[in-house]
Amino acid sequence: MFSYRHAFHAGNHADVLKHATLIAVLRHLTAKPVPITVVDTHAGAGLYRLDSEAAHTSGEMTEGIQRLRQQLAATGTAPTELIAQYLEVLDHFQSAAGESAYPGSPFISKHLLRSEDKLKLFELHPTDARLLEKHVEQLEAQRQVAVLREDRSEEHTSELQSRLHLVCRLLL
């Protein structure tokens, strides 16, 4: 099994881009009246702490979310609408769990989904799967969110590929 642990990379530059894009896509899709299901085939722990030993081991958040916030503060520049939405989502979690709390894609997705939408989270790494289950329990959203300890990436990738034309049409 591949031993990737996102806790070492949370808040890095790729996370900023990925999460901002996720927010844009989910806001667009949830503006439509049809319920959606979000499938995260590599969910990780779902929620991270930027003051953790793992985060400081790599220090990648310094080139991601910390750099973004520092640049905005130093220049006094207003963020673009998309970055402002991303920062609003982060602020929501940080106001509840402290400023070093950092939501992963599962928590960002859950935050943006409507009650009729579903979220399927897959994680194979034993430690992260346990953490994900524990974090999702705190959401009290068991009917909306499913956590599965299995590798469904290939199955869902082929299913998504067959529906790619539909996804593209929904985004237009």
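Let us look at the structure shown here. (Residues numbered from 1 in each chain as written. Predicted model: local features only at pLDDT ≥ 70, side-chain atom pairs only at ≥ 80, totals over all residues. Heavy atoms only, no water.)

1. Re helix 6 (residues 126-139)
And then number 1: Taking 1.5 Å as the rise per residue, helix 6 with 14 residues should run 20 Å; its terminal C-alpha atoms sit 20 Å apart, in good agreement.
And then number 2: Among the residues of helix 6, Asp128, Ala129, Leu132, His135 and Val136 are the ones counted as buried. When helix 6 is viewed along its axis, its buried side chains cluster within an angular range of 130° and face the same direction. Opposite the buried face of helix 6, by more than 90 degrees, sit the exposed residues Glu137 and Gln138.
And then number 3: Among the structural elements, strand 2 (47-49), helix 5 (105-112), strand 4 (118-122) and strand 5 (145-148) are those in contact with the buried residues of helix 6.
And then number 4: With its phi angle positive at about 50°, Glu140 sits one or two positions after the end of helix 6. (Helix = DSSP H or I, 4+ residues; strand = E, 2+ residues; numbered from the N terminus. Expected span 1.5 Å × (residues − 1). Buried < 20%, exposed > 50% of the residue type's maximum accessible area, 1.4 Å probe, protein only. Arc of directions from axis to C-beta. Contact = heavy atoms within 4.5 Å.)

2. Topic: the packing of aromatic side chains
And then number 1: Evaluated as defined, the whole model comprises one aromatic pair.
And then number 2: Ring geometry for Phe93 against Phe107: centres 6.0 Å apart, planes inclined by 55°, an arrangement best described as tilted. You can see Phe93 sitting in helix 4 (residues 81-97) and its partner Phe107 sitting in helix 5, a full 14 residues away along the chain. (Phe/Tyr/Trp six-rings, centres within 6.5 Å; stacked < 30°, edge-to-face > 60°.)

3. A look at the pairing of strand 4
And then number 1: Where strand 1 (residues 37-40) and strand 4 come together, four bridges link them in parallel fashion. In the sheet register, Asp40 faces strand 4, and the bridge partner there is Leu121.
And then number 2: The pairing of strand 4 with strand 5 spans four bridges and is parallel. Among the inter-strand pairings, Leu119 is bridged to a residue of strand 5, identified as Val145.
And then number 3: You can see the chain leave strand 4, run along helix 6 and come back into strand 5, and the turn it takes is right-handed. (Pairing = 2+ DSSP bridges. Right-handed = clockwise from strand over helix to strand, strands pointing away.)

4. Comments concerning helix 1 (residues 13-30)
And then number 1: Over its 18 residues, helix 1 extends 26 Å from the first C-alpha to the last, a length consistent with the 26 Å expected when each residue adds 1.5 Å.
And then number 2: Within helix 1 the residues assigned to the buried category are Asp15, Val16, His19, Ala20, Leu22, Ile23, Leu26, Leu29 and Thr30.
And then number 3: For helix 1, the N-terminal capping position is held by Asn12, with its side-chain oxygen 3.0 Å away from the main-chain nitrogen of Ala14. (Polar contact = N/O pair within 3.5 Å; in protein donor to acceptor, adjacent residues only side chain to side chain.)

5. Some points on the sheet that holds strand 4
And then number 1: Taken in spatial order, the three strands line up as 1-4-5 in an open sheet, and their pairing is parallel. Only two strands of the sheet have a single partner each, and these edge strands are strand 1 and strand 5. Between one strand and the next, the sheet's axes are offset by a mean angle of 10°, whatever the strand orientation.
And then number 2: Running over the sheet, helix 5 touches strand 1, strand 4 and strand 5 and is turned about 175° from strand 4.
And then number 3: Lying on the sheet, helix 6 is in contact with strand 4 and strand 5; it crosses strand 5 at an angle near 165°. (Axes fitted to C-alpha atoms, helices over the stretch in contact; angles between N-to-C directions.)

All we've got here are geometric facts, nothing functional implied.
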